[in-house]
Amino acid sequence: MCSTTVWHSNSDNSGCCLLHQVALRAAEVVSKIGAFGLKVFLDEQRGQSSSAVRRARAVELRTILTRLGPTFVKIGQGLSTRPDLCPPEYLEELSELQDSLPTFPDEEAFACIERELGFPLDSIYSTISPSPIAAASLGQVYKARLKYSGQLVAVKVQRPGIEDIIGLDFYLLRGLGYLINKYVDFISSDVVALMDEFARRVYQELNYVQEGQNARRFKKLYADKQDVLVPDIFWDYTSAKVLTMEWIEGVKLNQQAAIEKQGLKVLDLVNIGIQCSLRQLLEYGYFHADPHPGNILATPEGKLAFLDFGMMSETPEDARVAIIGHVVHMVNRDYEAMARDYYALDFLEPDVDVSPIVPALKSFFDDALNSTVSELNFKTIVDGLGAVLYQYPFNVPAYYALILRSLTVLEGLALYADPNFKVLAASYPYFAKRLLTDPNPYLRDALIELLFKDGKFRWNRLENLLVQGSQDREFAAKDALQPVLKLLLGPDGEELRVLVVKEAVRVTEAITFGTLIDSYNAAPEFLKPLISSGNPAGPFKISDTEREQMIELRDRVFRIWGLLRSSDGFDPTILQPIVQVLQEPEARVLGSRVAGGVTQRLAARLLQQLLRTPPAPGSP
């Protein structure tokens, strides 16, 4: 009988053996998945869709995926976090694939530990669990206590022969990808490249030394966050097939009852995960690409503990800021800019004309954005963009597919606790903080596009950004002020300066007249006729609409100042760098232009008041 250990032999016999194994494996996969799909189809046709029937089918699917091996287990793990794709019965059953998989013999695991570490088991651990406390797709985990220090540790041991099993599956999947690339026109992405990238990452997971290095890098980047916990790696007890890390007590995020029993809230923990993931994806560019419930625990202290660092990925720097800019362009409904973003995201070659893509974006988002952006479900956007991507020559990079997977998994976890949860709404504080504080030129331009839409300053958007940004723990008012000033006073800021001068004049006028109007309203009734020269409308010749607009603008500006003052760590001395900037020649010129505009505006108002027709005697 052929053995998978001779795959790489160049003999004719090994070639026949490989073809035989591929044929058998393909037949196994197609027959089992096909038979299951047919049963589900017949259930629907017969109207047999009760919860009991779905439960039975879910158990059957979990069994099939488990028997098909680790590659298909990983597919099931992804589905287990998507309540918008699978009925509850399937979610519950597929969640068993996270860490309740079949185990391999303990004798083989202990022999692997001794072989890899080079010492007898009783000389390494004072105690070790006689059976695994969890079994994952690539290995199983034991709880042990190190003999030399008494430290509790988790010991992960790789499944025997796993490389050969996965290799055969990826051989088949790559062949399927080739057929899709050749014959399926509506999928424009290079499926073979995506399969190759996925295979590369899975094979990286098989190297536990690499996983330990991933964990060390992840801890260095994110463990300073007070709500995030990353276990330590014990390098003296780690090899390519054995990984020893700090033991973490915690509850899986999809175990809502157990979490609430500890006095914690699932949504609070998911929000921590989203904020951490956004920093991973868009700030540092190094992210955990497999955040399923078995890999993220809620600790009794309310921290989020990340485990299993086998599958990691990186976001290119240009793509990080382009994604944030893409959100701004979506809010502004600037579909031409959205289309151009795909160059920076590496979705399109530079020579591809994006003009035909604009109508497709407009058609989808004009309908989707009838609600506010924060009310959009992340999957809605992914599906809508996907429909656009399929129509045009897009090539979705592998890192982007992993980003989508990471965020959809987190959204899926949140939907367990709240079916109305929206990832975009939870992401707003981070996006607002980045837009207000990041000096990156691309993001500064995006901020200007957001605030100065159609040549008008959107004070409501600035207020909303500050409200949202202040919810981010790393937000600081001083960081929000200086990048904007530098852009304003830069050599290329003349167009912006014109808009700022115009808006500064409006604000000064609103504050001045608003204060005068308040003073008039607060005056004793017997003085008002004297102040207004008998005019019952008051002393100022402005319409009710104009008066309301001035009061609204003044009050909004005061609220914005209040938001800045109430931000964590606010100190009046933060204005000192701004004062230094304002001493530069460009700032003095800008100040003179504002003062001149204010003077002209107030003089015109005064002249308007003096030349107004006095009320006729006896007139009302």
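Residues numbered from 1 in each chain as written. Predicted model: local features only at pLDDT ≥ 70, side-chain atom pairs only at ≥ 80, totals over all residues. Heavy atoms only, no water.

**Side note on the overall build of the protein**
From N to C terminus, the protein includes 25 helices and 13 strands. For the protein, the residues scored as buried account for 49% of the 620 residues in total. Nonlocal contacts in the protein, meaning residues at least 24 apart in sequence, comprise 70% of its contacts between residues at least 6 apart. For the protein, the exposed surface amounts to about 30,400 Å²; the carbon and sulfur share of it is 57%. (Helix = DSSP H or I, 4+ residues; strand = E, 2+ residues; numbered from the N terminus. Buried < 20%, exposed > 50% of the residue type's maximum accessible area, 1.4 Å probe, protein only. Contact = heavy atoms within 4.5 Å. Areas by Shrake-Rupley, 256 points an atom, 1.4 Å probe, with all protein chains shown as cover.)

**What to know about the pairing of strand S4 (residues 152–158)**
Most of S4 is tucked away, with six of its seven residues classed as buried. With seven bridges joining them, strand S3 (residues 139–146) and S4 adopt antiparallel strand pairing. What sits directly across from Val141, in S4, is Lys156. In textbook terms, the turn of a hairpin is the stretch between consecutive antiparallel strands, and for S3 and S4 this stretch comprises five residues, one of which, Gly150, has a positive phi near 80°. One ladder, built from five bridges, connects S4 with strand S6 (residues 242–246); its direction is antiparallel. Pairing of Val155 across the sheet is with Thr244, part of S6. (Pairing = 2+ DSSP bridges.)

**Notes on the side chain of Asp106**
With respect to the helices and strands, Asp106 occurs in helix H5 (residues 106–117). Buried charge Asp106 goes without a salt bridge, the closest partner of opposite sign being Arg159 at 10 Å. Non-local contacts of Asp106, meaning those with residues more than four positions away in its chain, are made with Pro130, Ser131, Pro132, Gln140 and Tyr142. (Lys, Arg positive; Asp, Glu negative; His and termini not counted. Salt bridge = Lys/Arg side-chain N within 4 Å of Asp/Glu carboxyl O.)

**Brief notes about the sheet that holds strand S7 (residues 251–252)**
Backbone-to-backbone hydrogen bonds join strands into a sheet, with any given pair of strands oriented parallel or antiparallel. If you trace the four strands from one edge of the open sheet to the other, you get S5-S10-S9-S7, paired in mixed fashion. Of all the strands in the sheet, the pair left with one neighbour each is strand S5 (228–229) and S7. Pairing between S7 and strand S9 (residues 296–298): two bridges, direction antiparallel. Each bridged residue has a counterpart across the sheet, and for Lys252 the counterpart in S9 is Leu297. Sheet strands in contact with helix H11 (residues 266–284) are S5, S9 and strand S10 (304–306), and its direction is about 50° off that of S10. (Axes fitted to C-alpha atoms, helices over the stretch in contact; angles between N-to-C directions.)

**Digging into the packing of helix H12 (residues 317–331) against helix H13 (residues 335–344)**
Two quantities define a packed helix pair, namely the angle between the helix axes and the distance between the axes. Here H12 crosses H13 at 170°, and the two axes come no closer than 9 Å. Judged by the inter-axis angle, H12 sits roughly antiparallel to H13. Together, Asp318, Ala319, Ala322, Gly325, His326, His329 and Met330 of H12 and Ala337, Met338, Asp341, Tyr342 and Ala344 of H13 make up the contact between the two elements. Broken down by class, the residue content of the contact of H12 with H13 amounts to seven nonpolar, three polar and two charged. (Parallel < 35°, antiparallel > 145°, perpendicular 65-115°, else oblique. Nonpolar A, V, L, I, M, F, W, Y, C, P; charged D, E, K, R; others polar.)

**What to know about the packing of aromatic side chains**
Under the defined criterion, the tally for this structure stands at 10 aromatic pairs. Summarising the aromatic geometry, the rings of Tyr430 and Phe431 are spaced 6.1 Å apart at their centres and angled 75° between planes, so their arrangement reads as edge-to-face. An identical accessibility class is assigned to Tyr430 and Phe431; each is buried. In this structure an aromatic cluster arises from ring pairing among Phe218, Tyr222, Tyr284, Phe306 and Phe309. The ring of Tyr286 has Arg217 lying over it, and the distance from NZ or CZ to the ring centre is 3.7 Å. (Phe/Tyr/Trp six-rings, centres within 6.5 Å; stacked < 30°, edge-to-face > 60°. Lys NZ or Arg CZ within 6 Å of the ring centre and 35° of its normal.)

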